[in-house]
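# Working through the structure, step by step
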Amino acid sequence: MENSFNITKIANGISVCSYNTNRFKTGRISFNIAVPLGDNASANAILPYILNRSCGKYPDFSKLNARLAELYGAALTPSVSKIGEAQVIRLSMTMIDDRFAFENESLYQQCAELLCDLIFEPNAENGSFNESEVNREKRLLLERIESEKNDKRVYALRRCEEIMCENEQYGINCYGDTHGVEALTPQSIFDTWQDLLRKGVVQVNIVGNADVDVICELVKNRFAKIPRDEISNINTKIIKSAKEVKRINEQLPINQGKLVIGYRAGITEQDENFGAVRVMADIFGGAPYSKLFVNVREKMSLCYYCSARLYRKKGIIMVQSGIEKENEEKAITEINNQLKLLQNGEFIQDELKASIAGLKDTLMRVSDTPEDIDAWGYSQMTANAFKSPQDIVNEIENVEPHQVIEAARKVTLDTIYMLSGEEGEENE
Amino acid sequence: MNNITEIKNNLLGDSYFKIKHNSGLTIIVFSKSDYTSSYAVFGTNYGSIDTAFKTSDKNEIITIPEGTAHFLEHKLFESEDLDAFERYAKTGASANAYTSFDKTCYLFSCSGNFKESLEILLDFVQHPYFTQQTVQKEQGIIGQEIKMYEDVPDWKVLFNLLKILYHKHPVRIDIAGTVESIAQISDKTLYDCYNTFYNLNNMVLAVAGNTTVDEVLEVADRLLKPSKDIKVERTNYDEPCEIVNDYIEQKLSVFMPQFNLGFKENYETPKRSLKEQICTRILLEIIAGDTSPLYKELFSQGLINTSFGSEYFTGYGFATVIFAGESKDPREVTQRIKEEIKRLKTNGINEADFQRVRKMLYGRTIMGYNDVDSIANELISCHFEGFELFDEVDVFKSVTLLDVEQRLTRQMDESLSALSVILPA
């Protein structure tokens, strides 16, 4: 079917999510593998970066990049991320549509083949990846982990997640950690790669005008010799309410303080009232019409940004703001106060309508870029049942004020994290 | 009658309409009827570098505090009753705005209620409301925005570089200004700038997506008030050819040193042509792109990581080639880049390298015609720069190795290069 998501299961734990359309000038193919986030995080994290750099056919990255340039600058992107407590390893490619090729060659197929070459026939020999490549990628991954500190917003958010979820798998960084990366060897990464192909939950996303059947066959053939009888179970532990409030202050030599407040939403994605949770989090701090923006920024002039984001798979809400250290208490009080107002039903019909309209509009825009369509497919890969943007619209469209209040009352404060500048007199 | 022109490209199978509206505004409409969403951007040819200007109806040169364009952008969202965000909240559109070195743009994207959102956009941008009190409130918010950027190493490393490359040109100043400069802004400053730069003859409305010329004009005809055609002239910045200094460093909380290596360029005319820009982009890929021998060497030797890249940083009255990245040894990377440039200047460029890079950048250009947001923003940029959106594809098809080699002879002069480094605190 054109212009809609189609899910085809092609083998145990392997599905293809295709979206056929000729609206775009580009196409996109991504290969996603999900495994439980856990002890092996560092090895999983390094894999997409190793696989993305070379393969048996193009054994160094200059040769591979030259091949990509030949494919009209097809863009190959590796990434690691987490969806709840799943760690997702991902290689994606954007290519121009076949109709713009100089000689009518099929770029979709060539790109799909190249992706498969990278994933199934890496630059490895005798049960081990190439040592110098592994060393280079270890260095780069260590730099990536350390460089998270460069973006203080990201760093503060990560630290708050780590502290809040220190006894949950969710507290593990999706890039792994320094010790884990240092301990990796060409053999251990090779074993992890084999494990991923055997046990990972796999989803291939295809957006554009590609011949989906041809690509399905290609993927199926590549998996033909790989045993797929032991697929990982991916579950996310959800803590429904916070016990006691953790409060942590840390310092770095910075100019502006970063405040992050973590809340437990008290509900899982499977609950019936989940549409109301999305709306509630949005009224709280999802957009410029939301309570946090209107009050903490506009009325009190305390900050440039103050927003709330719902991490639906994990059932947590994180509030972030950049403030002066001296305004810390004022900001915390006001953010908690805005939540209390929601819990007491002190929001007006217009705020509810604004959130529903805003969320709906954003959801309906997903279908207008290949990247967003691909990202949507990715976001659904560990779900019990695939939902389209329209399905989510249906869940939120008729949310009533009492459902929002009910959702807000389940929210509990878990962790307050403040990163601030170093001041001599405050040192212990 | 409004004057309408259609601009087509057969290869892409696309076209758009450019309308000189009776009010003085240029309106550009790129219909994509098979898309769900639309994106509209209303921009003025006024950015952070316009700290001094002259209008066609007066003789004096007016000077304003640094950061005024950006400040005005923030304040325009407010009105006497509902601010623009509250109004958009009723249509569901996502609205935003940005200020760059040479333009200020207000935008929204939506998948429904397009006309209602367009009405809001045209209305609030044409109705300024500034008071001393609202100006003061914003000084706190923007003060925090400026402070936020002080902790962003990629931002600091760039502006530190610009400060040692440029003596006078305001590109050397942070777009948002400084806490001190914005303290000098008053409601009067904002009205003066508004009345000068937000003249419809100095502005463009670009729309891309699920809409039509008729739909856009229906709203425009109702809401646009004709403006007197006052021409705004950018001043001559009297920028000397030389650089200020060839090295600057600052300590910030980073893991590894970050660097920007810049090569300043001097020209008789303030703007670089599209062909000059494209030839430079091809050159940069050949010198240090991820298919180049230099990249491979630096990467394998652990001197750069995936954050390494280059750009042609150019706008009205400024042009600089910049290489940027993270490295444990920025000076060594600088040395190697300079050697590679020298080698190419002496030995010339290999035809196969040129063709590979041209094909890649051609593909990337086509990719740019996909999303309604990038199309609408590009339409505005191209219009202010004086060319059409599809010209880029044509230049990529016609550009030759000789063009690129000629470009190389006058770029990347070592005596005009400078290095900016952020070191771990």
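Since this is a predicted model, take the numbers as computed values, not measurements.

### Observations concerning the overall build of chain A
Secondary structure assignment for chain A yields 15 helices and 13 strands. A compact globule built from 428 residues should have a C-alpha radius of gyration of about 22 Å, and chain A, at 23 Å, falls within 12% of that. The C-alpha extent of chain A, read off along each of the three principal axes, is 60 × 55 × 40 Å. Burial analysis of chain A (428 residues in total) assigns 62% to the buried set. In chain A, 81% of the contacts between residues at least 6 apart in sequence involve partners at least 24 apart. By element, 45% of the accessible surface of chain A is carried by carbon and sulfur atoms, the whole surface being about 16900 Å². Of note, chain A has its 50 positive side-chain charges centred 2 Å away from the centre of its 64 negative side-chain charges.

### A look at the overall build of chain B
Looking only at helices and strands, chain B has 15 helices and 15 strands in total. The C-alpha atoms of chain B give a radius of gyration of 23 Å, which matches the 22 Å a tight globule of 425 residues would have. Expressed as lengths along the three principal axes of its C-alpha atoms, the size of chain B is roughly 60 × 50 × 40 Å. The buried share among the 425 residues of chain B stands at 60%. A separation threshold of at least 6 residues defines the contact pool for chain B, and within that pool the share at least 24 residues apart is 81%.

### Considering the sheet that holds strand β11 (residues 247–252) of chain B
Strands in a sheet are paired, the pairing made by backbone hydrogen bonds, and the direction either parallel or antiparallel. All names here are of chain B. Across the sheet, five strands lie side by side as β11-β15-β12-β14-β13; this open sheet has mixed pairing. At either margin of the open sheet sits one strand with a lone partner, and together these are β11 and β13 (309–315). In this sheet, neighbouring strand axes are inclined to one another by 20° on average, regardless of whether the strands run parallel or antiparallel. Two strands pair when backbone bridges link them, and β13 and strand β14 (residues 318–326) are joined in this way by seven bridges, in the antiparallel orientation. The residue bridging S310 from the neighbouring strand is F323, located in β14. Helix α11 (residues 330–347) rests against β11, β12 (258–264), β14 and β15 (417–424) of the sheet, and its axis sits at about 35° to β12.

### Examining the packing of helix α2 (residues 84–91) of chain B against helix α3 (residues 114–126) of chain B
Residues and elements named next belong to chain B. At a minimum axis separation of 9 Å, α2 and α3 run at an interaxial angle of 170°. In terms of orientation, α2 lies roughly antiparallel with respect to α3. Contacts between α2 and α3 pair A84, R87, Y88 and T91 from the former with E116, S117, I120, L121, D123 and F124 from the latter. The residue inventory of the contact of α2 with α3, partitioned by class, reads five nonpolar, two polar and three charged.

### As for the packing of helix α9 (residues 274–285) of chain A against helix α15 (residues 401–409) of chain A
Residue and element names in this part refer to chain A. For the pair α9 and α15, the least separation of the axes is 8 Å and the interaxial angle reads 80°. Judged by the inter-axis angle, α9 sits roughly perpendicular to α15. Note on element contacts: α15 touches α9 through Q403, V404, A407 and A408, opposite A276, V277, V279, M280 and I283. For the contact of α9 with α15, the residue count by class is eight nonpolar, one polar and no charged.

### Some points on the interface of chain B and chain A
Many structure descriptions define interface size as the accessible area lost when the parts assemble. Facing 61 residues of chain B, the contacting portion of chain A comprises 65 residues. Buried area between chain B and chain A, summed over both chains or domains, comes out near 5300 Å², and the portion from carbon and sulfur atoms is 55%. The tally of links from chain B across to chain A stands at five salt bridges. The shortest N-O distance in the salt bridge between K296 of chain B and D60 of chain A comes to 3.3 Å. Looking at which element gives the most residues to the side of chain B that touches chain A, the answer is helix α4 (residues 132–150) of chain B, with nine residues. Along the lines of polarity and charge, the residues of the side of chain B that touches chain A split into 22 nonpolar, 20 polar and 19 charged.

### Things to note about the environment of S300 of chain B
Note that S300 of chain B resides in helix α10 (residues 293–300). Counting along the chain gives 232 residues from S300 of chain B to T68 of chain B, while the straight-line C-alpha distance between them is 46 Å.

### So, the environment of L158 of chain B
Here L158 of chain B shows up in helix α5 (residues 153–165). In this structure the C-alpha to C-alpha distance between L158 of chain B and D174 of chain B, which are 16 residues apart in sequence, comes to 9.7 Å.

### Description of the sheet that holds strand β9 (residues 246–251) of chain A
Residues and elements named next belong to chain A. Across the sheet, five strands lie side by side as β9-β13-β10-β12-β11; this open sheet has mixed pairing. The open sheet has two edge strands with one neighbour each: β9 and β11 (306–311). Within this sheet the neighbouring strands show an average axis-to-axis angle of 15°, counted without direction. Here helix α10 (residues 291–299) sits on the sheet and contacts β11 and β12 (316–323); the angle it forms with β11, its principal contact strand, is near 155°.

### Observations concerning the side chain of R312 of chain A
Note on placement: R312 of chain A falls in the loop between β11 and β12. Not counting residues within four places of it along the chain, the set of residues in contact with R312 of chain A comprises E269, F274, R278, S379 and Q380 of chain A.

### Thoughts on the pattern of salt bridges
Considering all chains together, one arrives at 61 salt bridges over all chains under this definition. Of the charged contacts in the structure, one is a salt bridge between K291 of chain A and E351 of chain A, with a shortest N-O distance of 3.2 Å. Of this pair, K291 of chain A sits in helix α10 while E351 of chain A sits in helix α12 (residues 349–364), and the two are 60 residues apart along the sequence. Among the ionic pairs, R272 of chain B bridges to E276 of chain B, the shortest N-O distance being 3.1 Å. No difference in accessibility class separates R272 of chain B from E276 of chain B, as the two residues are buried. If you follow the salt bridges from partner to partner, you end up with R297 and E298 of chain A together with K75, E78, K137 and E138 of chain B in one network.

### Things to note about the pairing of β15 of chain B
Residue and element names in this part refer to chain B. Judged by how many residues are buried, β15 sits mostly within the fold: six of eight residues are covered. Bridging between β12 and β15 involves six bridges; their strand directions are antiparallel. Note that in β15 the partner of Q258 across the bridge is I422.

### What to know about the confidence of the model for chain B
Model confidence for chain B is summarised by a mean pLDDT of 94, while 100% of its residues fall at 70 or above. Across the interfaces of the predicted complex, the ipTM metric reaches 0.88, alongside a pTM of 0.92.

### A short note on helix α2 (residues 61–70) of chain A
Side chains three or four residues apart in an α-helix point the same way, a direct result of the helix having 3.6 residues per turn. Taken across its 10 residues, α2 of chain A has seven buried, putting it largely inside the fold. Every buried residue belonging to α2 of chain A is among F61, S62, L64, N65, R67, L68 and A69 of chain A, and all of these are buried. Buried residues belonging to α2 of chain A abut β4 (75–83), β5 (86–96), α3 (107–120) and α4 (131–147) of chain A together with α10 and α12 (351–367) of chain B. Where α2 of chain A starts, the residue carrying a side-chain oxygen 2.8 Å from the main-chain nitrogen of S62 of chain A turns out to be D60 of chain A. Looking one or two residues past α2 of chain A, Y72 of chain A carries a phi angle of roughly 55°, positive in sign.

### Describing helix α1 (residues 68–76) of chain B
Counting buried residues in α1 of chain B gives nine out of nine residues, a clear majority hidden from the surface. Among the residues of α1 of chain B, those classed as buried are T68, A69, H70, F71, L72, E73, H74, K75 and L76 of chain B.

### Some points on unusual backbone geometry
Outside of glycine, negative phi angles account for most residues, and trans bonds account for most peptide bonds. All names here are of chain B. Phi is positive for N113, which is not a glycine, with a value near 50°. Inspection of the secondary structure assignment puts N113 in the loop between β8 (104–110) and α3. Of the residues examined, N113 reaches a relative accessible area of 40% and is grouped as partly exposed.

Conventions we followed
Residues numbered from 1 in each chain as written. Chains lettered and ligands numbered in written order. Predicted model: local features only at pLDDT ≥ 70, side-chain atom pairs only at ≥ 80, totals over all residues. Heavy atoms only, no water. Helix = DSSP H or I, 4+ residues; strand = E, 2+ residues; numbered from the N terminus. Rg over C-alpha atoms; globule rule 2.2 N^0.38 Å. Buried < 20%, exposed > 50% of the residue type's maximum accessible area, 1.4 Å probe, protein only. Contact = heavy atoms within 4.5 Å. Areas by Shrake-Rupley, 256 points an atom, 1.4 Å probe, with all protein chains shown as cover. Lys, Arg positive; Asp, Glu negative; His and termini not counted. Charge placed at Lys NZ, Arg CZ, Asp CG, Glu CD. Pairing = 2+ DSSP bridges. Axes fitted to C-alpha atoms, helices over the stretch in contact; angles between N-to-C directions. Parallel < 35°, antiparallel > 145°, perpendicular 65-115°, else oblique. Nonpolar A, V, L, I, M, F, W, Y, C, P; charged D, E, K, R; others polar. Buried area = accessible area lost by both parts, 1.4 Å probe. Salt bridge = Lys/Arg side-chain N within 4 Å of Asp/Glu carboxyl O. pLDDT = per-residue confidence, 0-100. Polar contact = N/O pair within 3.5 Å; in protein donor to acceptor, adjacent residues only side chain to side chain.

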